[in-house]
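# Structural overview
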Amino acid sequence: RKEVEQDPGPFNVPEGATVAFNCTYSNSASQSFFWYRQDCRKEPKLLMSVYSSGNEDGRFTAQLNRASQYISLLIRDSKLSDSATYLCVVITVTGGFKTIFGAGTRLFVKA
Amino acid sequence: GAVVSQHPSWVICKSGTSVKIECRSLDFQATTMFWYRQFPKQSLMLMATSNEGSKATYEQGVEKDKFLINHASLTLSTLTVTSAHPEDSSFYICSARGGQTYEQYFGPGTRLTVT
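All of the points below concern the structure found in this document. (Residues numbered from 1 in each chain as written. Chains lettered and ligands numbered in written order. Predicted model: local features only at pLDDT ≥ 70, side-chain atom pairs only at ≥ 80, totals over all residues. Heavy atoms only, no water.)

## Quick notes on the state of the cysteines
Throughout this description, disulfide means a covalent bond between two cysteine sulfur atoms. Throughout the structure, instances matching the rule amount to two disulfides over all chains. C23 of chain A shares a disulfide with C88 of chain A; S-S distance 1.9 Å. Between C23 of chain A and C88 of chain A, the S-S dihedral sits near -70°, and the bridge is therefore left-handed. Of the two residues, C23 of chain A sits in strand β3 (residues 19–25) while C88 of chain A sits in strand β9 (residues 84–92), which places them 65 residues apart along the sequence. Here C23 of chain A falls in the buried class, since its relative accessible area comes to 0%. The class for C88 of chain A is buried, based on a relative accessible area of 0%. Here C23 of chain B is linked by a disulfide to C94 of chain B, with a sulfur-sulfur distance of 2.0 Å. (Disulfide = S-S within 2.5 Å. Helix = DSSP H or I, 4+ residues; strand = E, 2+ residues; numbered from the N terminus. Buried < 20%, exposed > 50% of the residue type's maximum accessible area, 1.4 Å probe, protein only.)

Next up, the structure:
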């Protein structure tokens, strides 16, 4: 089992749609969680941190469920510019700092 | 967010030559820098992690004698691809983390083509 697994995608949605991505992690000792977005042929950029209490930034909401070991990203009112690959990132500090990137989920938003 | 630069942004070199890529944190001190490689339509692959002033820790399968990493200061890390071969052609991206935070900030990447 991979340490971090994401929905395989791709997700094809029309503009204005709501889309949700899930990501599961295997190490219960993981401490920090992030969502990054990566545009084609560009570097990943930090989208938002993920907390158990939830984190909302405009149309984006991220949630962490420690009991089930998954994190989610919800995008409301999708825009064409949201088309990108979304990467789930899990950080473990116990036993040595370790950052694990998910393979990413590709999102296509169409007019 | 924090700014990380990389240079060069793209490079074409002949097989057998060496290429050095620089990664700089511009507005923060990077206690840890990471080097990744990404092939087309594939996910990021961590190559090595370096802490300022110490030897880099390489991931399994990454040849440390081929990919030389130096992290001489809190704002600069370099990756040298030695005796490059066409199969080394890839998108190399660095990232940096500073202080007590866990977020990584990525450089814009270097596209290497070995002919």
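## What to know about the interface of chain A and chain B
Contact with chain A, which involves 18 residues of that partner, is made by 16 residues of chain B. Summed over the shared surface of chain A and chain B, the number is zero salt bridges. When residues of the side of chain A that touches chain B are traced back to their parent elements, those giving at least two are β4 (32–38), β5 (44–50), β9 and β10 (98–101) of chain A. By residue number, the principal contributor to the side of chain A that touches chain B is β4 of chain A, which donates four residues. (Contact = heavy atoms within 4.5 Å. Salt bridge = Lys/Arg side-chain N within 4 Å of Asp/Glu carboxyl O.)

## Concerning the sheet that holds strand β1 (residues 4–7) of chain B
Residue and element names in this part refer to chain B. Overall, antiparallel pairing links the four strands, which are arranged β1-β3-β8-β7 in an open sheet. Across the chains shown, the open sheet's two edge strands, defined by having one partner strand only, are β1 and β7 (67–73). Here the average twist between neighbouring strands, direction ignored, is 15°. Bridge count between strand β3 (residues 19–25) and strand β8 (residues 76–81): six bridges; the pairing is antiparallel. Residue pairing across strands places K20 opposite T80, the latter belonging to β8. (Pairing = 2+ DSSP bridges. Axes fitted to C-alpha atoms, helices over the stretch in contact; angles between N-to-C directions.)

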